[in-house]
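# Understanding the architecture of this molecule
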Amino acid sequence: MTRTFDYEACLLGLVNDDLDPNSQMNVWLSSSENHQWNPSQKTPATAWEAEVDKLMRAQASTLDQRKRKEYFDKVQEIAWEQEPFIYLVNKNALSAVSPHLLNAHPVVLRPQVYWNIDQLALTSTNKSEVATGR
């Protein structure tokens, strides 16, 4: 895939645990190394790739969180319309939580269980205390 670019489709395991779009620049920018569609571009091959480049650079260069979200929302809209990726698999995030652990609300992003560690609490093993929340 990265040497001959002789492929029509490939199955990749791109992983992104960061919510900040800047960590994805190596995929979205048309000139970057991990840009899988129209690879090895000196300039964007399509108008929509040029727009994605512009939006990704714009979100990376502002501190205004609302503007950054607006720019990346547009990138995601373009990706939905153009389909450079077809997402086939969503990784499961399975968590086992003891009934004695209160306020556990597992999420997909890491750490799945301990993201709200300041709110977690343990109960005793006495079932009546667990049932009453004491």
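Residues numbered from 1 in each chain as written. Predicted model: local features only at pLDDT ≥ 70, side-chain atom pairs only at ≥ 80, totals over all residues. Heavy atoms only, no water.

## Focus: the overall build of the protein chain
What counts here: Secondary structure counts use DSSP, requiring at least four H or I residues in a row for a helix and at least two E residues in a row for a strand, with both numbered from the N terminus. Throughout this description, buried means an accessible area under 20% of the type-specific maximum (1.4 Å probe, protein chains only), exposed means over 50%, and partly exposed covers the range between. In what follows, residue pairs with any heavy atoms lying within 4.5 Å of each other are defined as contacts. A 1.4 Å probe and the Shrake-Rupley method give the accessible areas. Residues count as covered only by the protein chains that appear here.
Along the backbone of the protein chain there are 4 helices and 2 strands. Counted from the first residue to the last, the protein chain has its helices and strands arranged as α-α-α-β-β-α. By residue count, 22% of the 134 residues in the protein chain fall in the buried class. In the protein chain, 38% of the contacts between residues at least 6 apart in sequence involve partners at least 24 apart. As presented, the protein chain carries roughly 10300 Å² of accessible surface, and 53% of it is formed by carbon and sulfur atoms.

## What about the nonpolar core?
Our working definition: By nonpolar core we mean a set of buried residues, namely Ala, Val, Leu, Ile, Met, Phe, Trp, Tyr and Cys, connected to one another through side-chain atoms within 4.5 Å.
Within the largest apolar cluster, 14 residues are counted, with the highest numbers of intra-cluster contacts made by W28, W37, V52, M56 and V75. Elements with a contribution of two residues or more to this core: α1 (25–28), α2 (47–60) and α3 (65–82).

## Some remarks on the side chain of N116
With respect to the helices, strands and loops of the structure, N116 is situated in the loop between β1 (101–102) and β2 (121–122). N116 gets classed as buried once you look at its relative accessible area, which sits at 2%.

## Topic: the side chain of H35
Examined against the element boundaries, H35 turns out to sit in the loop between α1 and α2. On the basis of relative accessible area, H35 is assigned to the buried category, the value being 3%.

## Regarding α2
Where we set the bar: Expected helix span is given by 1.5 Å per residue-to-residue step, counting one fewer step than there are residues.
Over its 14 residues, α2 extends 20 Å from the first C-alpha to the last, a length consistent with the 20 Å expected when each residue adds 1.5 Å. Looking at the packing, one finds that the buried side of α2 touches α1 and α3.

## Here's the deal with the confidence of the model for the protein chain
This is how it is decided: What pLDDT reports is the predictor's confidence in each residue, on a scale of 0 through 100.
Chain-level pLDDT for the protein chain is 83 on average; 87% of the residues reach the 70-or-more range. Element-level pLDDT for the protein chain is lowest in helix α4 (residues 127–132), with a mean of 53, against a maximum mean of 96 in α2.

## Examining the pattern of salt bridges
For clarity, the threshold we go by: Salt bridge, as used here, is a side-chain nitrogen of Lys or Arg placed within 4 Å of a carboxyl oxygen of Asp or Glu.
Across all of its chains, the model carries 5 salt bridges by this definition. In this structure, R68 engages D20 in a salt bridge whose closest nitrogen and oxygen atoms are separated by 2.6 Å. Taken as a pair, R68 in helix α3 and D20 in the segment before α1 lie far apart in primary sequence, 48 residues in all. Residue K67 pairs with E70 through a salt bridge whose shortest N-O separation is 3.7 Å. Here K67 and its partner E70 are both found in helix α3, 3 residues apart, which amounts to about one turn of the helix.

## Some points on the environment of A9
As for its position among the elements, A9 is in the segment before α1. It is 9.9 Å that separates the C-alpha atoms of A9 and I86, two residues lying 77 residues apart in sequence.

## Remarks on unusual backbone geometry
Positive phi is not limited to glycine here, since E83 has a value of about 55°. A positive phi angle is found at N103, which is not glycine, with a value near 65°. Looking at where N103 falls in the secondary structure, it is placed in the loop between β1 and β2.

## Quick look at the environment of A79
Turning to its location among the elements, A79 is positioned in helix α3. Separated by 51 residues in the primary sequence, A79 and W28 place their C-alpha atoms 9.6 Å from one another. If we skip the residues at most four places from it in the chain, A79 touches W28 and P84.

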